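Observations on the three-dimensional arrangement
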Amino acid sequence: MGAEAEKAYDRELEIKRLAEVLNNEDYYEFERDGRIYVLSDSKDYNTYLKTNEVVLSTKKIGGGPDGRTIVYGLIKNEAKMLEKDPKTQGAAQKMYEGKLRGLDKDFFGLVIQNDTSYVFSSWKDVEAFKMAGTASGFHETDATGHAVVYIGAPSKPESLSARFAKAHAP
């Protein structure tokens, strides 16, 4: 096989191993300072709320609507994968671009637009929302006066509401 071919094989195998972790159980999309942020990890979202920074990320400058920059959050395995192969993408980018679906069970999604938080329990609802730009569900106003819409819910979904509250915990 040869030493170089073996190194290339090992490198490719490592990339595949790192890629096995899909990280598609959460989805967060919001805009700040003219940039679109897309995260696929609740810890990263909570860190952003505390620090206004995404610890590990990749950017697509001018890649969003109206030429806005998109900042995609990465988890450690995704950052390592990107170091080994710059063409790879993390879960947040794949989900935003429609290349990876959110988890079917226990999914949590949050899209913030125009001072309204849209909360999702299914990836299918996120896709429909992104296509239509709107969706129906249970509306409420939180303690800070911020509008919250639980997509697809006719009444307040307690478990989803608890996950939303936890996502915004200090």
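None of these values were measured; they are calculated from a predicted model.

This next bit is on the pattern of salt bridges. Overall, the coordinates contain seven salt bridges when judged by the stated rule. Lys60 is the salt-bridge partner of Glu97, the closest N and O atoms lying 3.0 Å from each other. Placement of the pair is Glu97 in the loop between α4 (91-96) and β5 (108-113) and Lys60 in strand β3 (residues 57-60), with a sequence separation of 37 residues. Owing to a relative accessible area of 35%, Lys60 belongs among the partly exposed residues under this scheme.

The next subject is the side chain of Asp41. Counting through the fold element by element, Asp41 comes out in the loop between β2 (35-39) and α2 (42-51). We note that Asp41 is buried and unpaired, the nearest opposite charge coming from Lys43 at a distance of 6.1 Å. Ignoring any residue separated from it by four or fewer positions in sequence, one finds Asp41 in contact with Asn23, Asp26, Tyr28 and Ile75.

Counting buried residues along strand β6 (residues 116-120), five of its five residues qualify, which places the element largely inside the surrounding structure. By the alternation rule, side chains of β6 split into Thr116, Tyr118 and Phe120 and Ser117 and Val119, which are all buried. Sheet topology note: the β5/β6 ladder contains five bridges and is antiparallel. Considered in β6, the bridge of Val111 is made with Tyr118. Judged from the four bridges that link them, β6 and strand β8 (residues 147-151) form a sheet pairing that is parallel. When the sheet's bridge partners are listed, Thr116 is paired in β8 with Ala147.

Parameters at a glance
- Residues numbered from 1 in each chain as written.
- Predicted model: local features only at pLDDT ≥ 70, side-chain atom pairs only at ≥ 80, totals over all residues.
- Heavy atoms only, no water.
- Salt bridge = Lys/Arg side-chain N within 4 Å of Asp/Glu carboxyl O.
- Helix = DSSP H or I, 4+ residues; strand = E, 2+ residues; numbered from the N terminus.
- Buried < 20%, exposed > 50% of the residue type's maximum accessible area, 1.4 Å probe, protein only.
- Lys, Arg positive; Asp, Glu negative; His and termini not counted.
- Contact = heavy atoms within 4.5 Å.
- Pairing = 2+ DSSP bridges.

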